[in-house]
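Each chain, written out:
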Amino acid sequence: MRIASTLIAATLFLSCGSDFMGDNRVYAFDSTLSRPTVAWTPATPVALGESFSVRKGFSCIFDCPAPFTAASMSPPNGVLIGDPLRDVTASSVGATSIVTNAAADRFSVTVVEAAGLRLTDPLELSRPRWAHLRNADGGPAPFPDVGEEIVMGADAGLYLDVILTDDAGAMVASRSGFSVTSVGANGTSAVSAALDGRMIDLQSGPVGDLAHATVSRLDGGFAQTWNVRVAGPEEIAAIELVQISVDPDAIVRAIVRRADGGVFLEPPITWTTEGVAEQDYTKYRADLRVRSDLKMYRAVYDAGLPRATVSGGGVMTSITLDVPEASPPDEPAPPPPMMMRQGCSTSPTMFVLGAMLLLAGSRLSVTRRNRG
């Protein structure tokens, strides 16, 4: 089997964890702006008014750089106020450099004013952090927009990330958190905040439940309301399968759409597979939740053409998986040496038994001679 071109060196994310490197690549850092689904790096601007800290990411053992001293900011009247190693407030729009050690390393932070917020699929944010969830080359977008109406399956749980955005809709880093309120109808389950306050957890009830979920910043800004509706399998109009990762496991996303083209989240679908074994992707990330529209597979040696099929609501589609060829199973260990036949055995037990027989034979011979 061929290995897809998605084998791009995403191992950087595995080796550095949530750290990012300074401009001179001397020090690694992490920040309280990071969230469970994505690590913050200076490539993402920070929202005006946010307070955060930056820490040294790891301790070196060999060939250590110059000591990591208290950071300073350049220029002195820059956009950040405070000690970057402890707590910093983005006080005005613009950019500034944080110097970690004179003549050693630095990085720059850009501060922008947030213009709104939106909900996004956690897969979209976690893709660059988790090497198993990187995008495939070409093909349809595996992470469709949530949309203005959230439609999900019955009796399901769904995480959605809440992010601040700039004028162009791009993500702006924030750690202040959000609030979520819900007004239900027909006894729908409540919508509640989860994890670090920047992700909401939708819990659905039976088909037909309705709710209105309002999300805003903690200060009440950028309040926006989404309709949440629980739908049944009859609303599945199309299923598209996209492989979004390989090496060593194939990750497949089922994009389920409704008749109006909107995405169906946590859909009631059934998966069947051939030539692959399903893997538990939550073992790589404890904060992940099993999703009905996502599967991870590993090839099985000499099992034929690997294939995944998804069905639901009378719709069925299949995809041939691109997975590295599985290694043949290990040769079975050779059996232990067979025991010698009892007549030739040299075990202590046989020695004792032989001696007893010899002794008995000797006594029998003496008895016969005495009788003669």
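Heads up: the structure comes first, above all this text.
Conventions and cut-offs
Residues numbered from 1 in each chain as written. Predicted model: local features only at pLDDT ≥ 70, side-chain atom pairs only at ≥ 80, totals over all residues. Heavy atoms only, no water. Helix = DSSP H or I, 4+ residues; strand = E, 2+ residues; numbered from the N terminus. Buried < 20%, exposed > 50% of the residue type's maximum accessible area, 1.4 Å probe, protein only. Contact = heavy atoms within 4.5 Å. Areas by Shrake-Rupley, 256 points an atom, 1.4 Å probe, with all protein chains shown as cover. Pairing = 2+ DSSP bridges. Axes fitted to C-alpha atoms, helices over the stretch in contact; angles between N-to-C directions. Core = buried A, V, L, I, M, F, W, Y, C linked by side-chain atoms within 4.5 Å. Phe/Tyr/Trp six-rings, centres within 6.5 Å; stacked < 30°, edge-to-face > 60°. Salt bridge = Lys/Arg side-chain N within 4 Å of Asp/Glu carboxyl O.

Draft legend 1. Just the overall build of the protein, in detail. When helices and strands are counted, the protein shows 3 helices and 26 strands. Every one of the 372 residues in the protein was classed for burial, and the buried ones make up 42%. Contacts in the protein between residues at least 24 apart in sequence constitute 65% of all its contacts with a sequence separation of at least 6. Of the roughly 19400 Å² of accessible surface on the protein, 56% is carried by carbon and sulfur atoms.

Draft legend 2. Quick peek at the sheet that holds strand E25 (residues 307–312). In spatial order, the strands read E22-E25-E26; together these 3 strands make up an open sheet with antiparallel pairing. Sheet topology places strand E22 (270–274) and strand E26 (315–320) at the edges, where each strand pairs with a single neighbour. Taken over all neighbouring pairs, the strand axes of this sheet differ in orientation by 15 degrees on average, direction set aside. Strand direction decides the pairing type here: E22 and E25, joined by 5 bridges, are antiparallel. Bridge pairing in E25 links threonine 270 to serine 311.

Draft legend 3. Representation of unusual backbone geometry. Although it is not a glycine, phenylalanine 222 adopts a positive phi angle of roughly 60 degrees. Of note, phenylalanine 222 is situated in the loop between strand E18 (210–217) and strand E19 (224–230). Of note, the phi angle at glutamate 266 is positive, near 45 degrees, even though the residue is not glycine. With respect to the helices and strands, the residue glutamate 266 is situated in the loop between strand E21 (250–257) and E22. Residue classification places glutamate 266 among the buried positions, given a relative accessible area of 10%.

Draft legend 4. Quick look at the pairing of E26. As defined by bridge partners, E25 adjoins E26 across 6 bridges and the pair is classed as antiparallel. Directly across from glycine 312, in E26, lies its bridge partner valine 315. The loop that links E25 with its antiparallel partner E26 comprises 2 residues; one of these, glycine 313, has a positive phi angle of about 60 degrees.

Draft legend 5. Representation of the environment of glycine 261 within the structure. Turning to its location among the elements, glycine 261 is positioned in the loop between E21 and E22. With 24 residues separating them along the chain, glycine 261 and alanine 237 place their C-alpha atoms 8.3 Å apart.

Draft legend 6. Examining the nonpolar core more closely. In terms of nonpolar packing, the biggest core is built from 24 residues, with Leu119, Ile150, Leu160, Ile200, Leu202 and Val215 touching the most fellow members. Those elements giving two or more residues to this core turn out to be strand E11 (116–120), strand E12 (149–152), strand E13 (157–165), strand E15 (178–185), strand E17 (199–203), E18 and E19. Looking at this core element by element, the count peaks at 4 residues for E13. Membership of the second largest hydrophobic core comes to 22 residues, among which are Val151, Ile239, Trp271 and Tyr297.

Draft legend 7. Quick look at the packing of aromatic side chains. Across all of its chains, the model carries 4 aromatic pairs by this definition. When the centroid spacing of 5.2 Å and the interplanar angle of 85 degrees are considered together, the rings of phenylalanine 20 and phenylalanine 107 count as edge-to-face. Taken together, the residues phenylalanine 20 in strand E1 (residues 20–21) and phenylalanine 107 in strand E10 (residues 105–112) connect sequence positions 87 residues apart. Pairwise contacts between aromatic rings join Phe20, Trp40, Phe52 and Phe107 into one cluster.

Draft legend 8. Spatial organisation of the pattern of salt bridges. One pass over the structure, following the stated rule, counts 12 salt bridges. The partner of arginine 229 in a salt bridge is glutamate 149, with the nearest N and O atoms 3.1 Å apart. Taken together, the residues span a long stretch of sequence, with arginine 229 in strand E19 and glutamate 149 in strand E12 at a distance of 80 residues. Classification of glutamate 149 as partly exposed rests on a relative accessible area of 27%.

Draft legend 9. Highlighting the sheet that holds E19. Spatially, the 4 strands line up as an open sheet ordered E12-E19-E18-E15, and their pairing is mixed. Only two strands of the sheet have a single partner each, and these edge strands are E12 and E15. Looking at each pair of strands side by side, their axes are set apart by 25 degrees on average, direction ignored. Bridge count for E15 against E18 is 8 bridges, and the pairing is antiparallel. For valine 180, the partnering residue across the bridge sits in E18 and is valine 215.

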